[in-house]
Amino acid sequence: MGIGEDIQGALSDEILTTAVGDAWRLAEAELLDSVVRVSEEIQRLEALRVKLVGAVDHRCHVDVLGFPNVKMWLASKTLLEVGAAGRIVMLAEVCGSSRRSRTTSSAPPSRRSTLRWS
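Residues numbered from 1 in each chain as written. Predicted model: local features only at pLDDT ≥ 70, side-chain atom pairs only at ≥ 80, totals over all residues. Heavy atoms only, no water.

Novice: What am I meant to see in the confidence of the model for the chain here?
Specialist: Close inspection of predicted coordinates is inappropriate for parts of the model with low pLDDT. Mean pLDDT for the chain: 80, with 65% of residues reaching 70 or above. Across the chain, the element-wise mean pLDDT spans from 57 in helix H1 (residues 3-8) up to 98 in helix H5 (residues 70-77). Predicted confidence is poor over residues 105-118, with pLDDT under 50, and the contacts of this stretch with residues over four places away or in other chains come to 32 contacts. (pLDDT = per-residue confidence, 0-100. Helix = DSSP H or I, 4+ residues; strand = E, 2+ residues; numbered from the N terminus. Contact = heavy atoms within 4.5 Å.)

Here is the structure:
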């Protein structure tokens, strides 16, 4: 499944309908199931965000970002704290480097962010 398909399939109509105001009509078992399904969807979207942030970190120059690094760009464009944005960038870098080491030689990415776990 490609990234475009991941984004398009982000929220099913059923989940969206529940989120918009029908939750009070659900039976308890359905409500519990809906919370689990929404949580699974959030996890899937978070994984997609890590993948996309890794691509931004690998490909986008600071002139395009308008910020000194991807961490600061992500924090400024989202509601994330700088530390949380840094952890996402770090995770993307780790995931990307493990993927690259399995598929290519030890060619480093064109540009790396300066990161801290703070």
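Anyway, onward from the coordinates.
Novice: Help me out: how do you make sense of the packing of helix H3 (residues 28-59) against H5 in this one?
Specialist: Any two packed helices are characterised by how steeply their axes cross, that is the angle between the axes, and by the distance between the axes. Closest axis-to-axis distance for the H3/H5 pair is 10 Å, and the angle between their directions is 130°. Considering the angle they form, H3 stands oblique to H5. The way H3 lies across H5 gives a crossing that is right-handed. Each of Val53, Val56 and Asp57 in H3 lies in contact with H5, whose residues at this interface are Val70, Trp73 and Leu74. Its residues assigned to classes, the contact of H3 with H5 shows 5 nonpolar, no polar and 1 charged. (Axes fitted to C-alpha atoms, helices over the stretch in contact; angles between N-to-C directions. Parallel < 35°, antiparallel > 145°, perpendicular 65-115°, else oblique. Left-handed = near helix turned anticlockwise from the far one by under 90°. Nonpolar A, V, L, I, M, F, W, Y, C, P; charged D, E, K, R; others polar.)

Novice: Just to check I follow, could you spell out the nonpolar core for this structure?
Specialist: Residues Val50, Val53, Val56, Leu65, Val70, Leu74, Ala75, Ala85, Ile88, Val89 and Ala92 constitute the largest nonpolar core, which totals 11 residues. Going through the elements one at a time, H3, H5 and helix H6 (82-103) are the ones with two or more residues in this core. (Core = buried A, V, L, I, M, F, W, Y, C linked by side-chain atoms within 4.5 Å. Buried < 20%, exposed > 50% of the residue type's maximum accessible area, 1.4 Å probe, protein only.)

Novice: Where do I start with H5 in this structure?
Specialist: Side chains of residues three or four places apart in an α-helix project in the same direction, reflecting 3.6 residues per turn. The complete set of buried residues in H5 reads Val70, Lys71, Leu74 and Ala75. One side of H5 holds all its buried residues, which, seen down the axis, span an arc of 130°. The residue sitting at the N-terminus of H5 and contributing the capping side-chain oxygen is Asn69; that oxygen lies 3.2 Å from the backbone nitrogen of Lys71. (Arc of directions from axis to C-beta. Polar contact = N/O pair within 3.5 Å; in protein donor to acceptor, adjacent residues only side chain to side chain.)

Novice: Would you mind going over the pattern of salt bridges with me for this structure?
Specialist: Pairing between side chains becomes possible if they bear opposite charge and their charged atoms approach one another. According to the stated counting rule, one finds 2 salt bridges in the structure shown. Asp33 serves as the salt-bridge partner of Arg37, at 3.0 Å between the closest nitrogen and oxygen. Placement of the pair is Arg37 and Asp33 together in helix H3, with a separation of 4 residues, close to one helical turn. Judged by relative accessible area, Arg37 falls into the partly exposed class, the value being 22%. For Arg44, the salt bridge goes to Glu41, with nearest N and O atoms at 2.7 Å. Placement of both Arg44 and Glu41 in helix H3 is noted, with a separation of 3 residues, approximately one turn of the helix. Looking at Glu41, the relative accessible area reads 12%, which means it is buried. (Salt bridge = Lys/Arg side-chain N within 4 Å of Asp/Glu carboxyl O.)

Novice: Is there a simple way to explain H3 in this structure?
Specialist: Taking 1.5 Å of rise per residue, 32 residues should cover 46 Å, and H3 covers 46 Å from first to last C-alpha, within 8% of that figure. All of the buried residues in H3 are Ser34, Glu41, Leu48, Val50, Val53, Val56 and Asp57. (Expected span 1.5 Å × (residues − 1).)

Novice: Is there a simple way to explain the side chain of Asn69 in this structure?
Specialist: Tracing the chain through its elements places Asn69 in the loop between helix H4 (62-65) and H5. One polar contact links the side chain of Asn69 to the main-chain amide nitrogen of Lys71, over a distance of 3.2 Å. Engagement of the side chain of Asn69 in a polar contact is seen with the backbone nitrogen of Met72, the distance being 2.8 Å.

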